[in-house]
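For reference, the chains in residue letters:
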Amino acid sequence: MEALLYEKLPEAKVRCGLCHHRCIIKPGRRGICGVRENRDGVLNTLVYGRLIARHIDPIEKKPLFHVMPGSLSYSIATVGCNFACRFCQNADIAQMPADRDGMVMGDTVLPEAVVRAAEKGGCRSIAFTYTEPTVFFEMAFETARIARERGLLTIFVSNGYMTPEAVEMIRPYLDAANIDLKAYSDDFYKTYCGARLEPVRETLKTMKTAGIFVEVTTLVIPGLNDAPKELRALAGFIADELGPETPWHISRFHPVYRLTDRPPTPVETLTAARDIGLDAGLKYVYLGNVPGSGGEDTACPGCGRTVIRRMGFQIRENRTEKGRCPDCGEPIHGIGLS
C-alpha cells in the first residue's frame, strides 16, 4: 500500500515525512523504521493491516491514569520502530525488522475489524501501542477515523518523534497520548535511542496545543538519566511548557535487551524523582513498576486526599464526582473521570 506523508525526489528517491528522521530512501531500500520501502519511486508501508499484537488491556496499562479510568482499551501494534533503544521492552516485535534481516510478520486484520473487535470486547478506546504507532501510521489513521465515527476514543503510546505534519493529520481523530520523554539530555537520546531530544519536546508542545490530552512517561535508568539536575529540568519542562495538570509517570527500569549492565532502579530514586516533580508544580506524579507503593494513587491537588486508588492496573476506588474532588471541589484533570 502506498504510504502517506512523503515526497518524491530525483533519481526515484523519496523523502519520508512521517517522523523527524525524514529518511531519504533510495529505490529498493527502507527507512530507519524498517517497514517503509521505496518501490520504484513510490513509498510503500509494509505493515498496513498486519498486526503483530492485539489485546484487550486496562487503560491504566498504557499507562493512562486520567483517561476513562477503569475502562478497557483495545490495543494493537505492528512490527517496527523508528528508534533503536538499547533498553527496548518490546524488542522482539519493535526491533524485528532491524534484528532479523528485515523480517515483517503479522496477521491480516483491517481497520474495520479492529473497531468491531473493540466494540465486541466492551472497550471504550483503541490504543496504538506496544511498538511505535508512527511507523504504522496509515493503519492507525484509518482505524482512528472509523473509531471516531463509532464513538470510541483513540490513543497513541509513542516516543513522540512524529513530524508536525503527522500530528496535524491525526489530530482530528486522536484523543489522548502517552509520550515517552526518555531523558532530558540530547546525548542520551543519541547514544541510547538513535534519536534527538528536541523533536520530542516539540511534539509534546504541538500535541498539547492541538488539544490532545497528554500524559508523559520517563523510564528512570540508574546512572544514565537519574541525576537530580536533569530530572528537575525535565519536570520543569512538563510543568512550564505542557502545564502542571500534565500527569508524569516515573517508571522503574529493569535490565532488558541490550542494556543489562544496569541494576533495577532503586525505589528511593523514584520517590526522590516524584518529589522533584511535585516541587516543580506538577499536580499528578506517579510511580510505575512499583506495585503496592501507593505511588499509583491520584491525590487531589487541592486538599491532598486520595480520590482514585489503584493497585497495579486495577482501580480499587474512584471518588471523583463529575471530574472533581468530592471533598473540596478541586478539578481533577482528564477525560471521562466520573
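Coordinates for the structure precede this section.
Since this is a predicted model, take the numbers as computed values, not measurements.

Cut-offs and rules
- Residues numbered from 1 in each chain as written.
- Predicted model: local features only at pLDDT ≥ 70, side-chain atom pairs only at ≥ 80, totals over all residues.
- Heavy atoms only, no water.
- Axes fitted to C-alpha atoms, helices over the stretch in contact; angles between N-to-C directions.
- Helix = DSSP H or I, 4+ residues; strand = E, 2+ residues; numbered from the N terminus.
- Parallel < 35°, antiparallel > 145°, perpendicular 65-115°, else oblique.
- Left-handed = near helix turned anticlockwise from the far one by under 90°.
- Contact = heavy atoms within 4.5 Å.
- Nonpolar A, V, L, I, M, F, W, Y, C, P; charged D, E, K, R; others polar.
- Buried < 20%, exposed > 50% of the residue type's maximum accessible area, 1.4 Å probe, protein only.
- Pairing = 2+ DSSP bridges.
- Polar contact = N/O pair within 3.5 Å; in protein donor to acceptor, adjacent residues only side chain to side chain.
- Salt bridge = Lys/Arg side-chain N within 4 Å of Asp/Glu carboxyl O.

## Quick word on the packing of helix H3 (residues 111-120) against helix H4 (residues 137-149)
Contact geometry of H3 with H4 gives a least axis separation of 9 Å together with a crossing angle of 50°. Classified by the angle between their axes, H3 and H4 sit oblique to one another. Where H3 crosses over H4, the handedness of that crossing is right-handed. Residue-level contacts link Pro111, Glu112, Val114 and Val115 of H3 to Met139, Glu142, Thr143, Ile146 and Ala147 of H4. A per-class count over the contact of H3 with H4 returns six nonpolar, one polar and two charged.

## Some points on the pairing of strand S12 (residues 176-180)
The two faces of a sheet get side chains in turn, since along a regular strand they alternate between them. Of all the five residues making up S12, four are buried; the element is thus mostly covered by neighbouring parts of the structure. One ladder, built from four bridges, connects strand S11 (residues 153-158) with S12; its direction is parallel. Counterpart to Ser158 in the pairing with S12 is Ile179.

## Digging into the environment of Tyr161
Examined against the element boundaries, Tyr161 turns out to sit in the loop between S11 and helix H5 (164-170). A residue is classified by how much of its surface remains accessible, and Tyr161, at 3% relative accessible area, is buried. It is 28 Å that separates the C-alpha atoms of Tyr161 and Arg150, two residues lying eleven residues apart in sequence. Not counting residues within four places of it along the chain, the set of residues in contact with Tyr161 comprises Cys19, His20, His21, Asn82, Phe83, Ala195, Arg196, Pro199, Val200 and Thr203. Within the local environment of Tyr161, its side chain forms a polar contact with the backbone nitrogen of Arg196, the two atoms lying 3.0 Å apart.

## Here's the deal with the packing of helix H8 (residues 228-242) against helix H9 (residues 267-279)
Look at H8 against H9: their axes get within 9 Å of each other, and the N-to-C directions meet at 40°. The angle between H8 and H9 falls in the class oblique. Crossing geometry of H8 relative to H9 is assigned as right-handed. On H9, the residues touching Pro228, Leu231, Arg232 and Ala235 of H8 are Ala273, Ile276 and Gly277.

## A short note on the pattern of salt bridges
Opposite charge on two side chains allows them to pair when their charged atoms are near. Scanning the model with the defined rule gives 29 salt bridges in all. Here Arg36 makes a salt bridge to Glu138, at a shortest N to O gap of 2.8 Å. Linking Arg36 in strand S4 (residues 36-39) with Glu138 in helix H4, this pair joins segments that are 102 residues apart in sequence. Residue class for Glu138 comes out buried when judged on its relative accessible area of 3%. Salt-bridge contacts for Arg309 lead to Glu317; the nearest nitrogen and oxygen are separated by 3.6 Å. What emerges from the salt-bridge pattern is a single network uniting Glu112, Arg116, Glu119 and Arg150.

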